[in-house]
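Here's the letter readout for the chains.
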Amino acid sequence: MTVPTIALNDGTTIPQLGFGVFKVDPDETERIVTDALEVGYRHIDTAAIYGNEVGVGRAIEKSGIPRDELFITTKLWNSDQGTQSAFDAIDLSLEKLGLDSVNLYLIHWPRPDLDKYLETWLALEQIKADGKTASIGVSNFHVEHLEKVIAGSSTVPAVDQIELHPGLAQKEIRDFAASKGIHIESWGPLGQGKYDLFGMGPVADAAAAHGATPAQVVIRWHLQNGLIVFPKSNSRERVAENFDVFGFELTAAEVAAIDGLDAGMRMGSNPVKDFF
Ligand code: NAD
């Protein structure tokens, strides 16, 4: 199965479909990521706060897959915002992952109340210059946060990873990002199982029409919208199901019908209101 790649604004490429490990138990991470790599995933999305970088690193090492065939993302946690703390945070993440560099390093949340995300972004530019990551990006940034880092630095983020699923289509951020060459990564792409996305008419109808599962339809919706996506599951069966999405294509009408489900249904934290 060949996963399409997307060219990022810094000349690197990213597999459009990956595997995310939020809330994957650290003790189970090595097994679950091993499953994902065996299924064929080559793009893994983790974060320092997930506490499972060691397990991701062990699975990578055990797999024997050449490093240049893998795309690994990790993220800088809120308490590490700042210059020296960012330098220390990437070193600790690389040590836990057992890697010399990651492919993509993200600021996990803007935390505008701290007023340190621009300083942190400048530190990420240095981390990239030092060869510790190939690309740098952000997560949970709204338009005003993107504008501030673009105006205050010489690097446009390669990606913005935001909560995005049919009920929360994030058109404003997507339109702004597209105008700046920033690619969007969808987190919680299946709505984190927190609302009945799979039972909604346009999703259920497309699944029946293509002999696919609702989860596969939603993943196709992300892919056909040009979004980068990494659904998570602890079950090997679902991990395989979520990867088996290249044998069918949604029609333009089906994509449009699913686009129509957008209703501002935020399932996770609000980046400008919920601070932790
Ligand atoms: P998700 O939308 O991928 O939902 C995961 C849940 O969906 C699973 O727990 C499972 O219950 C269900 N599921 C998965 N496959 C299924 C299938 N085939 N059929 C039925 N149900 C299925 O949510 P997520 O894990 O929160 O998001 C994906 C990834 O995004 C994370 O693992 C993480 O890497 C990233 N993420 C980033 C942030 C951020 O702040 N940057 C926040 C949350 C998640």
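Here, residues in each chain are numbered from 1, in the same order as that chain's written sequence. Only residues with pLDDT of 70 or above have their local features reported here, since the model is predicted, and side-chain atom pairs are shown and tallied only from 80 upward, although totals for entire chains, interfaces and linings are computed over all residues. Water and hydrogen atoms play no part in the side-chain values, which are based on all heavy atoms of the structure.

## A look at the nonpolar core
Burial of nonpolar side chains together is a common tendency in soluble globular proteins. In terms of nonpolar packing, the biggest core is built from 70 residues, with Leu 17 and Val 217 touching the most fellow members. Apart from residues no more than four positions distant in its own chain, Leu 17 is found in contact with Val 3, Tyr 41, His 43, Ile 219, Leu 223, Val 229, Pro 231, Asn 242, Phe 243, Val 245 and Phe 246. In this structure, Ile 6, Ile 14, Leu 104 and Val 159 belong to the second largest nonpolar core, which totals ten residues. As used here, the term nonpolar core means buried Ala, Val, Leu, Ile, Met, Phe, Trp, Tyr and Cys residues forming a set that is joined through side-chain atoms within 4.5 Å. Residue exposure (1.4 Å probe, protein chains only): buried if accessible area is under 20% of the type maximum, exposed if over 50%, otherwise partly exposed. In this analysis, two residues are considered to be in contact whenever any of their non-hydrogen atoms come within 4.5 Å of each other.

## Let's talk about the pattern of salt bridges
When the charged atoms of two side chains with opposite charge come close together, those side chains can pair. Salt bridge, as used here, is a side-chain nitrogen of Lys or Arg placed within 4 Å of a carboxyl oxygen of Asp or Glu. On inspection of all chains with the given rule, the structure shows eleven salt bridges. Across the salt bridge formed by Asp 35 and Arg 31, the nearest N and O atoms sit 3.4 Å from each other. Of this pair, Asp 35 and Arg 31 both sit in helix H1 (residues 26-39), four residues apart, which is roughly one turn of the helix. A relative accessible area of 40% means that Arg 31 is categorised as partly exposed. The salt bridge involving Lys 75 is made with Asp 45; its shortest N-O contact spans 2.6 Å. You can see Lys 75 sitting in strand E5 (residues 71-76) and its partner Asp 45 sitting in strand E4 (residues 43-45), a full 30 residues away along the chain. Only runs of H or I of at least four residues qualify as helices and only runs of E of at least two qualify as strands under DSSP, and these elements are numbered from the N terminus.

## As for the site of the ligand
Each residue is tested against the molecule or strand, and it is near if at least one of its non-hydrogen atoms lies within 4 Å. As a structural note, the neighbourhood of the ligand is formed by 26 residues, with Asp 45, Ser 139, Leu 190, Gln 192 and Asn 242 the closest of them. The contact in question runs from a nitrogen atom of the ligand to an N or O atom on the side chain of Gln 161, over 2.9 Å. Here the accessible surface of atoms and residues is derived via Shrake-Rupley with a 1.4 Å probe, and residues count as covered only by protein chains that are part of the display. Protein contact buries 88% of the 830 Å² of open area that the ligand shows by itself. A 1.4 Å probe that fits into a set of points on a 1 Å grid over the protein atoms alone but cannot get out defines a cavity; an open set with protein on both sides within 12 Å along at least five of seven lines defines a pocket, and lining residues are those with an atom within 4 Å of a point. For a molecule to be placed in a cavity or pocket, more than half of its atoms must lie within 2 Å of the grid points of that cavity or pocket. Placement of the ligand is best described as lying within the largest pocket. In terms of residue count, the dominant contributor to the shell around the ligand is helix H9 (residues 236-243) (three residues). Amino acids outside the nonpolar list (Ala, Val, Leu, Ile, Met, Phe, Trp, Tyr, Cys, Pro) and the charged list (Asp, Glu, Lys, Arg) are all regarded as polar, and Gly is one of them. A breakdown of the residues in the shell around the ligand according to their chemical character gives eleven nonpolar, ten polar and five charged. Each polar contact in these results corresponds to two N or O atoms within 3.5 Å; when the atoms are within protein, one needs to be able to donate a hydrogen and the other to accept it, and residues that are neighboring in sequence are counted only if both atoms are side-chain atoms.

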